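Here are the chains, one letter per residue:
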Amino acid sequence: MVRYRVRGGNALRGTAFIQGAKNAVLPMIGAALLVPKGRTVLRNVPIIEDVRRAVELAEAVGAHVELHEAERTLVIDASRLDSAVLPAEIARRFRGSVLFTPALLHRLGEAIVEGVGGCNLGSRNLDFHYLGYKRLGAVVDEGETVIHVKASGLTGATLYLDTPSHTGTENLIMAAALAKGTTVIENAALEPEVLDVIDMLTKMGARISGGGTGFITVEGVEELHAVEHTVMPDRLDAGVFAMAAALTGGELSLVGTGLDLGVVRYKLEQMGVDFARQGAVLNVRCDRRPLRPINIITDTYPGFATDLQSPMMTVAALADGISYIHERIFDGRFALAGELNKMGADVEVDGSRAIVRGATPLRGTRVTAHDLRSGIALVLAGLAAEGETLIESGYLIDRGHAHLAERMRALGADITREISEG
Ligand SMILES: CC(=O)N[C@H]1[C@@H](OP(=O)(O)OP(=O)(O)OC[C@H]2O[C@@H](n3ccc(=O)[nH]c3=O)[C@H](O)[C@@H]2O)O[C@H](CO)[C@@H](O)[C@@H]1O
Ligand SMILES: C=C(OP(=O)(O)O)C(=O)O
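All residue numbers refer to position in the chain's written sequence, counted from 1. Labels follow written order: the first chain is A, the first ligand is 1, and so on. With pLDDT at 70 or above as the cut-off, local features in this predicted model cover only qualifying residues; side-chain atom pairs require 80 or more to be listed or tallied, and sums for whole chains, interfaces and linings still use all residues. Remark: hydrogens and water are excluded; side-chain values derive from all non-hydrogen atoms of the structure.

**Remarks on the pattern of salt bridges**
Rules: The rule for a salt bridge is simple: a side-chain nitrogen of Lys or Arg has to be within 4 Å of a carboxyl oxygen of Asp or Glu. Think of it this way: any DSSP run of H or I at least four residues long counts as a helix, any run of E at least two long counts as a strand, and we number them from the N terminus. Three exposure classes are used, based on accessible area relative to the maximum for each residue type with a 1.4 Å probe and protein chains only: buried under 20%, partly exposed in between, and exposed over 50%.
What the rule picks out here adds up to 26 salt bridges. With its nearest N and O atoms 2.5 Å apart, the salt bridge here joins E388 to R5. Here E388, found in strand β23 (residues 388-392), pairs with R5, found in strand β1 (residues 2-7); they are 383 residues apart in sequence, far enough to count as distant. Classification of E388 as partly exposed rests on a relative accessible area of 33%. A salt bridge links R285 to D287, with the shortest nitrogen-to-oxygen separation between them at 2.9 Å. In the salt-bridge network here, residues are joined through shared partners; they are R3, R5, R7, R366, E388, E392, D414 and E418.

**Re the packing of helix α6 (residues 166-177) against helix α7 (residues 192-203)**
The description of two packed helices rests on the angle between their axes and on the distance between the axes. Put simply, the test is: Helix axes are fitted only over the stretch in contact, all axes being lines through C-alpha atoms; the angle between N-to-C directions runs from 0 to 180 degrees. To sort the angles, those under 35 degrees are grouped as roughly parallel, those over 145 as roughly antiparallel, those from 65 to 115 as roughly perpendicular, and the leftovers as oblique. By definition, turning the near helix anticlockwise from the far helix through less than a right angle yields a left-handed crossing, and turning it clockwise yields a right-handed one. Note on definitions: a residue-residue contact is assigned when non-hydrogen atoms from the two residues lie within 4.5 Å. In the scheme used here, Gly and all other residues not listed as nonpolar or charged are polar, with Ala, Val, Leu, Ile, Met, Phe, Trp, Tyr, Cys and Pro taken as nonpolar and Asp, Glu, Lys and Arg as charged.
Contact geometry for α6 and α7: axes closest at 10 Å, N-to-C directions at 15 degrees. Considering the angle they form, α6 stands roughly parallel to α7. The two elements α6 and α7 cross, and the hand of that crossing is right-handed. Here H166, T169, E170, I173 and M174 of α6 lie close against α7, whose contacting residues are E193, V194, V197, I198 and L201. Looking at the contact of α6 with α7, its residues break down into 6 nonpolar, 2 polar and 2 charged.

**Quick word on the site of ligand 2**
The condition is simple: Being near a molecule or strand, for a residue, means having at least one of its heavy atoms within 4 Å of it. Polar contacts, as used here, are pairs of N or O atoms within 3.5 Å; protein pairs need one atom able to donate a hydrogen and one able to accept it. Residues neighboring in sequence count only if both atoms are side-chain atoms. All accessibility values rest on the Shrake-Rupley procedure with a 1.4 Å probe; residue burial counts only the protein chains present in the view. Start and end points for every domain follow an automatic or database-based domain assignment.
Taken together, K22, D50, R95, G118, C119, L121, R124, D307, R333, L372, R373 and R399 make up all the residues around ligand 2. Within the side chain of R399, one N or O atom sits 2.8 Å away from an oxygen atom of ligand 2. If ligand 2 stood free it would expose 290 Å²; the protein chains cover 94% of that surface. Looking at the shell around ligand 2 residue by residue, the classes come out as 3 nonpolar, 1 polar and 8 charged. Of the domains in this structure, domain 1 (2-19 + 233-419) and domain 2 (22-230) are the two that each give at least three residues to the shell around ligand 2.

**As for the UniProt feature "binding site: UDP-N-acetyl-alpha-D-glucosamine" (unreviewed entry) in the chain**
Threshold: UniProt positions are given in the numbering used here, feature names are shortened, and annotations may be inferred rather than shown by experiment.
Sequence positions flagged by UniProt for "binding site: UDP-N-acetyl-alpha-D-glucosamine" (unreviewed entry) are, in local numbering, R95, D307 and I329. With respect to the secondary-structure elements, R95 resides in the loop between α3 (88-91) and α4 (101-108). On the basis of relative accessibility, which here comes to 12%, the residue R95 falls in the buried class. In contact with R95, not counting residues within four places along its chain, are V116, G117, G118, R124, N125, L126 and R399. The residue I329 is located in the loop between β19 (321-326) and α11 (336-342) in this model. If we ignore the near neighbours within four places in the chain, the residues touching I329 are T298, D299, T300 and T306.

**A short note on the site of ligand 1**
Taken together, 19 residues lie around ligand 1, and D127, F128, S165, T167 and D307 are the ones closest in. Within the side chain of D127, an N or O atom sits 2.6 Å from a nitrogen atom of ligand 1. The contact in question runs from an oxygen atom of ligand 1 to an N or O atom on the side chain of D307, over 2.5 Å. If ligand 1 stood free it would expose 740 Å²; the protein chains cover 88% of that surface. At the level of elements, α1 (22-32), α5 (127-135) and α6 are the ones that each hand at least two residues to the shell around ligand 1.

**Quick look at the UniProt feature "binding site: phosphoenolpyruvate" (unreviewed entry) in the chain**
Residues annotated by UniProt as "binding site: phosphoenolpyruvate" (unreviewed entry) correspond here to K22 and N23. Along the polypeptide, K22 turns up in helix α1. Within the structure, the side chain of K22 is placed 2.7 Å from the side chain of N23, a separation counted as a polar contact. As for its position among the elements, N23 is in helix α1. N23 sits in the buried class, given a relative accessible area of 18%. In contact with N23, other than residues within four places in its own chain, are H166, E170, E193, L236 and D307.

**As for the sheet that holds β19**
So the rule is basically this: Any two strands with at least two DSSP bridges between them are considered paired.
Across the sheet, which stays open at both edges, the 4 strands sit in the order β18-β19-β21-β20 with mixed pairing between neighbours. Whereas interior strands pair on both sides, the edge strands pair on one side only; in this sheet they are β18 (295-297) and β20 (347-350). When the angles between neighbouring strand axes are averaged without regard to direction, this sheet yields 10 degrees. Pairing geometry for β20 and strand β21 (residues 353-358), over 4 bridges, is antiparallel. Bridge pairing links D350 to R353 in β21. Taken strand by strand, helix α10 (residues 309-317) contacts β18, β19, β20 and β21, and its axis lies near 30 degrees from that of β21.

**So, unusual backbone geometry**
The omega torsion across Y301 and P302 is 10 degrees, close enough to zero to call that bond cis. Mapped onto the elements, P302 comes out in the loop between β18 and α10. Each neighbour pair has its own omega, and for E392 with S393 the value is 0 degrees, a cis peptide bond. Following the sequence through the fold, S393 ends up in the loop between β23 and α13 (394-398).

Below, the structure is given as structure tokens:
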């Protein structure tokens, strides 16, 4: 059992190195499996548990994968895929497992999905994925736990997503990339990670246009080839470090080429946080005490990212006044509220809305991470709390943040990652 121990009170100062994006590298590993010859190289890979699971899953279907941790580089040789089964014991541990389906379909004619994991955030449907595969000509057999997708070749079609699903868009692009003819995906996701995946697929030889417009056109090609690609920076990791500077009254230089925090930056600015771009570096500083309260409504890009809603709830608990949070993407993403309240916060949840009454002093105690982002939000709370905060299960935090304790300690935080019995 991994847990994080945080002693609050230190302002974070220095240079924070932002990792590569979890939600870009996972589909890229799936994309590398589309390639029948040669070795794909991914750089700026975050060394997180989800990447380790993706490596295990790629190996389970027959790929040869080298994870060079110090170099943050993955080398993937998918020339000998030999199993269409995504085994439950690995696939159920992370959401990104769903991104392996298109490669198995194209390479082996079928994908047997024994389960898909990911954060427990309420309903996390996959109907857009399966409806899309069906429209491209696949047969989808949805059993109680196992899903079997079969196709002896896909054919382009017009596809529509009811809402712009992130992994749904990536999967349908990958399925269409090697289908016969033209596919149009309407209401496609606009997230920068999706665009980074499109960039990589384009280098691989895919013919994709309209990324970032909501209407994507894919002209199928015969084969894709192996490339080297550098994963974009993780805007969620960057957002967390910006918030750590904000709530500890510190100053951080965020290093990660081309970082754009978008609406998260503007919301933090409204709360009293100062941002200054200095070339490739984004400086974040917060002298204002207390912070001003904030209203946020989560949305697909370019709206406020749902994955930063929990960390923002922690910042709101430290702001002077009433903050309002409306979660519009997931129907069960407020598990943090009860844990924050154990630390002295005053958060009231009513369906998809939360009211945060601040500023209440936070006290360290033993708390539970119910998912990745509530976990990192509790680390943030611990940095600002009086005394010691113990957060379990740290594995959930490690799913998405690389070397968190080391990176935060280098900035002055008092935080340790511990492995306990049981
Ligand atoms: C590995 C990865 O990239 N994970 C991200 C991805 O998850 P993921 O791709 O799973 O999220 P989606 O965008 O697909 O889901 C958003 C919402 O759409 C619904 N939906 C989705 C697909 C579908 O077929 N039917 C359906 O109803 C879901 O139940 C959910 O309520 O985007 C989320 C929303 O930005 C982020 O929180 C996750 O970090
Ligand atoms: C919801 C998340 O991840 P996943 O989709 O991998 O569960 C997340 O990163 O906050």
